[in-house]
Amino acid sequence: MSETLANLLQETRRFPPPADLAAAANVTADAYDSAAEDRLAFWARQAGRLDWSTEWDQILDWSNPPFAKWFVGGKLNVAYNCLDRHVAAGHGDRVAIHWEGEPGDTRTITYADLLAMTSQAANALTDLGVTAGDRVAIYLPMIPEAAVAMLACARIGATHSVVFGGFSADALTNRIQDASAKVVITADGGFRRGKPSALKPTVDEAVAKCPTIERVLVVRRTGQDVAWSDRDVWWHEAVETASTEHTAEAFDAEHPLFILYTSGTTAKPKGILHTTGGYLTQAAYTHHAVFDLKPESDVYWCTADIGWVTGHSYIVYGPLANGATQLMYEGTPDTPHKGRFWELVQKHKVTILYTAPTLIRTMMKWGDDIPRGHDLSSLRLLGSVGEPINPEAWIWYRENIGRGECPVVDTWWQTETGAIMISPLPGVTSTKPGSAMRPLPGISADVVDDQAQSVPDGGGGFLVLREPWPSMLRTIWGDDQRFVDTYWSRFEGLYFAGDGAKKDDDGDLWLLGRVDDVMLVSGHNISTTEVESALVSHPSVAEAAVVGATDPTTGQAIVAFTIPRGSVDTEGSAGEALIAELREHVSKTLGPIAKPRQILLVPELPKTRSGKIMRRLLRDVAENRSLGDVTTLQDSSVMDLISSGMRSGKSDED
Ligand code: 6R9
């Protein structure tokens with residue numbers, strides 16, 4: 001059998017934790033040992049970080065795999081754990097959210113404020129007829145009411161389904177229908193790229209096809225005109241006039257907390273179901289462990305949208321369960337200027353920043369002088385999530401944002417896993433740029449070959465999870481069989497995540513992207529990630545996306561779409577010379593087998609709205625096919641730019 005996945009990229013740089021961080025770290029190396037000794041007892045101790053109104057009888061019921069029950073018999077209220085208990089402990093005056101609107105308006109919300117707002121929303125939702133077990137769709141911009149709406153649902157036991165505010169009426173319709181939601185919470189609009197962007201018309205269009213919707217609750221954010229009907233209710237009339245007193249009722253540990261739809265490329269979106277006790281346990285523990293959060297002194301900022309799982313677990317539930325003070329920002333990173341993020345870090349003295357590789361590479365493209373113009377000295381820890389982070393982007397992040405001092409934690413997880421699974425511990429791990437390193441304490445990840453055998457160190461294959469974990473998805477909403485087929489059928493008894501990975505010689509893990517994207521070149525399985533990383537390691541390249549295109553001689557050939565850094569000249573022969581140089585560079589870095597057949601210099605790449613590169617569309621371009629579905633693209637005009645570059649032959653084919 002040929003290798004499952006070639007291991008081409010070698011990386012020898014190491015970054016031990018800063019001594020002061022290690023000395024005061026929330027979690028130390030013994031966590032690995034204590035979790036290995038008794039995994040379930042370890043998770044029970046982490047569940048003890050929360051307030052339970054009824055203790056569980058059993059930590060894990062795995063008698064009917066893959067349907068797990070964690071903390072069986074336990075009862076708790078998620079909103080109580082995120083709010084009331086902090087206020088009761090005397091932290092009501094602590095800022096929960098420093099909110100920054102895109103146009104420059106701001107709000108400062110303490111834990112006492114957030115509890116009052118959530119209680120009002122809980123009372124208002126109850127008055128609108130929402131009861132425990134009902135589904136509520138949330139379609140909001142990045143405003144505090146988004147967090148309040150989620151917490152209010154959790155408080156009354158309603159299951160929320162947040163739909164990203166950039167999705168179309170069709171996407172919203174499908175998600176409302178699949179979950180049979182009773183209420184939608186939305187806004188007139190939100191601010192994006194310097195102007196109001198309407199949401200209510202999209203909801204009106206969707207709701208017309210959704211007979212289950214009884215009420216639409218509308219936050220006034222932009223003040224733009226909205227069409228109004230009998231089922232519509234203003235937030236400021238229904239919520240802001242409601243009582244600020246609300247007693248939270250405890251729900252079963254397995255009570256459904258939320259559904260979050262993964263976009264999936266073509267198939268019907270999957271409603272990933274998360275429940276209460278195990279989810280909150282792992283969201284809170286990982287936020288404490290991976291970000292080393294000190295609630296009294298840190299200012300934490302996760303730049304994700306609340307509509308993605310990262311926003312659920314690391315803006316709302318994990319940080320608030322831990323009593324964090326955080327920054328929340330409504331808009332885009334380049335509005336009104338490309339230094340907006342760094343201005344906000346400086347203003348709020350942000351200490352912990354959690355963002356995505358796509359953003360880091362965009363910042364690389366914009367140039368080093370932009371962050372240099374701001375005081376980033378408050379930062380002490382940097383995180384990354386969403387895609388493999390190329391070693392050079394990792395180094396850029398550490399050097400240019402982290403002053404060459406802050407640890408970078410590359411965190412691997414999925415909507416399905418609910419919380420971080422693989423990541424360095426910032427006070428323990430000597431990190432390697434580009435590696436997510438090890439499974440967290442209590443998590444058992446492995447890399448296997450196509451026979452489900454664990455690969456030796458130095459080998460590559462399929463990333464799997466061997467044991468159930470507290471924040472695992474419980475099913476796909478309404479479709480248990482699809483849950484079994486999608487995640488538990490490829491390898492007997494193992495959860496297969498869809499990602500390729502390799503173990504290096506020390507056994508540390510390197511994520512290599514989705515296995516569907518792996519290229520087969522002259523009999524070698526080559527990951528797109530490694531070729532992209534080799535390209536990004538060239539000083540002229542900010543970002544690259546690589547695909548395999550059908551090739552008569554090699555089966556598949558490597559085609560690379562490359563974004564040059566801001567200062568690089570790509571006109572005419574300078575562009576041709578750069579392309580030739582990049583092909584050589586990849587060949588030297590990874591070996592001749594990985595030399596791209598063709599490199600295109602492009603201004604942008606097609607990305608999903610959470611920033612993941614859509615290689616499927618690039619494959620269509622590379623193979624001269626007409627484009628498939630582009631509705632989940634962040635910006636559909638980029639495909640025209642890329643296709644026209646392809647036709648004009650700005651490429652190199654020897
Ligand atoms: C949290 C989130 C999940 C997929 C996952 C993988 C990719 C996420 C990563 C990473 C390499 C990382 N992914 N984090 N790949 N290194 N640190 O992104 O959830 O939107 O469901 O995406 O994202 O391919 O399978 P989700």
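Owing to the predicted nature of the structure, the values given are computational and were not obtained by experimental measurement.

Draft legend 1. Spatial organisation of the overall build of the chain. Along its length, the chain carries 20 helices and 30 strands. Rg of the C-alpha trace for the chain: 24 Å, near the compact-globule value of 26 Å for 654 residues, within the 12% margin. Once the C-alpha set of the chain is aligned to its principal axes, its extents read approximately 70 × 60 × 50 Å. The buried share of the chain, taken over its 654 residues, is 64%. For the chain, contacts bridging at least 24 residues in sequence account for 72% of all contacts bridging at least 6. Counting only carbon and sulfur atoms, one obtains 48% of the accessible surface of the chain, whose full area is about 23100 Å². For the chain, the centre of its 59 positive side-chain charges and the centre of its 85 negative side-chain charges are spaced 2 Å apart.

Draft legend 2. Seen up close, the environment of His585. Looking at where His585 falls in the secondary structure, it is placed in helix α18 (residues 572-590). In the structure, His585 is positioned 116 residues away from Trp469 in sequence and 42 Å away in space, judged by C-alpha atoms. Setting aside anything within four residues of it in sequence, one finds His585 in contact with Ala534, Ser537 and His538.

Draft legend 3. Representation of the UniProt feature "modified residue: N6-acetyllysine" (unreviewed entry) in the chain in the model. Per the UniProt record, "modified residue: N6-acetyllysine" (unreviewed entry) is annotated on Lys612. Topologically, Lys612 is positioned in the loop between β30 (598-601) and α19 (615-622). Residue Lys612 is classed as partly exposed on the basis of its relative accessible area, which comes to 37%. Setting aside residues up to four positions removed in sequence, Lys612 forms contacts with Gly386, Glu387, Pro606 and Lys607. Of the polar contacts made by the side chain of Lys612, one reaches the backbone oxygen of Gly386; its length is 2.8 Å.

Draft legend 4. Here's a closer look at the side chain of Gln46. Note on placement: Gln46 falls in helix α3 (residues 39-47). Note on Gln46: relative accessible area 10%, which makes it buried. When near neighbours in sequence (up to four residues on either side) are disregarded, Gln46 contacts Thr281 and Tyr285.

Draft legend 5. Inspection of the packing of α3 against helix α10 (residues 277-290) at higher detail. At a minimum axis distance of 9 Å, the contact between α3 and α10 shows a crossing angle of 85 degrees. Taken together, the axes of α3 and α10 lie roughly perpendicular to each other. Contacts from Phe42, Trp43, Gln46 and Ala47 of α3 reach α10 at Thr281, Gln282 and Tyr285.

Draft legend 6. Spatial organisation of helix α11 (residues 309-321). Within α11, 13 of the 13 residues are buried, which leaves the element mostly enclosed by the surrounding structure. Of the residues one or two after α11, Gly323 is the one with positive phi, at around 70 degrees.

Draft legend 7. Quick look at the domain arrangement of the chain. Once the domains are mapped, the chain shows domain 1 (1-77 + 250-515), domain 2 (109-247) and domain 3 (522-647). The gap between the C-alpha centroids of domain 1 and domain 3 is 27 Å. Tallying the contact residues gives 28 residues for domain 1 and 32 residues for domain 3. For domain 1, the biggest contributors to the area lost against domain 3 are Leu8, Leu9 and Lys365; these three give 25% of the whole. Counting across the domain 1 and domain 3 interface gives 3 salt bridges. Across the salt bridge formed by Glu543 and Arg361, the nearest N and O atoms sit 2.9 Å from each other. In this structure, the connection of domain 1 to domain 3 is made through 13 residue pairs in polar contact (both at pLDDT 80 or more). Of all the secondary-structure elements, those providing two or more residues to the side of domain 1 that touches domain 3 are α13 (357-366), α15 (391-401) and β25 (509-514). The greatest single-element share of the side of domain 1 that touches domain 3, amounting to 5 residues, is contributed by α13. A class-by-class count of the residues in the side of domain 1 that touches domain 3 yields 12 nonpolar, 9 polar and 7 charged.

Draft legend 8. The arrangement of the nonpolar core in detail. Residues Ile185, Phe291, Ile306 and Tyr317 are the most contacted members of the largest nonpolar core, which totals 137 residues. Ranked by residue count, the leading element in this core is helix α6 (residues 144-156), at 10 residues. Summarising the domain contributions, this core has at least three residues from each of domain 1 (1-77 + 250-515) and domain 2 (109-247). Those residues in contact with Tyr317, other than ones at most four positions away along the chain, are Val78, Cys82, Met150, Leu151, Ala154, His160, Leu257, Phe258, Tyr279, Leu280 and His312. Counting residues in hydrophobic clusters, the runner-up holds 52 residues, among them Leu9, Trp301, Ile360 and Met364.

Draft legend 9. Broad picture of the pattern of salt bridges. By the definition in use, this model includes 42 salt bridges. For Arg13, the salt bridge is made with Glu392, and the minimal N-O distance between the two is 2.8 Å. In this pair, Arg13 sits in the segment before α1 (19-23) while Glu392 sits in helix α15, placing the two residues 379 residues apart along the sequence. The exposure class assigned to Arg13 is partly exposed, which follows from its relative accessible area of 28%. Where Glu405 meets Arg403, a salt bridge forms, and the shortest distance between an N and an O atom there is 3.2 Å. Taken together, the shared-partner salt bridges in this structure form one network comprising Arg14, Lys432, Arg438, Asp504, Asp506 and Asp508.

Procedures and definitions
Residues numbered from 1 in each chain as written. Predicted model: local features only at pLDDT ≥ 70, side-chain atom pairs only at ≥ 80, totals over all residues. Heavy atoms only, no water. Helix = DSSP H or I, 4+ residues; strand = E, 2+ residues; numbered from the N terminus. Rg over C-alpha atoms; globule rule 2.2 N^0.38 Å. Buried < 20%, exposed > 50% of the residue type's maximum accessible area, 1.4 Å probe, protein only. Contact = heavy atoms within 4.5 Å. Areas by Shrake-Rupley, 256 points an atom, 1.4 Å probe, with all protein chains shown as cover. Lys, Arg positive; Asp, Glu negative; His and termini not counted. Charge placed at Lys NZ, Arg CZ, Asp CG, Glu CD. UniProt positions renumbered as here; feature names shortened; annotations may be inferred. Polar contact = N/O pair within 3.5 Å; in protein donor to acceptor, adjacent residues only side chain to side chain. Axes fitted to C-alpha atoms, helices over the stretch in contact; angles between N-to-C directions. Parallel < 35°, antiparallel > 145°, perpendicular 65-115°, else oblique. Domains from an automatic or database assignment. Buried area = accessible area lost by both parts, 1.4 Å probe. Salt bridge = Lys/Arg side-chain N within 4 Å of Asp/Glu carboxyl O. Nonpolar A, V, L, I, M, F, W, Y, C, P; charged D, E, K, R; others polar. Core = buried A, V, L, I, M, F, W, Y, C linked by side-chain atoms within 4.5 Å.

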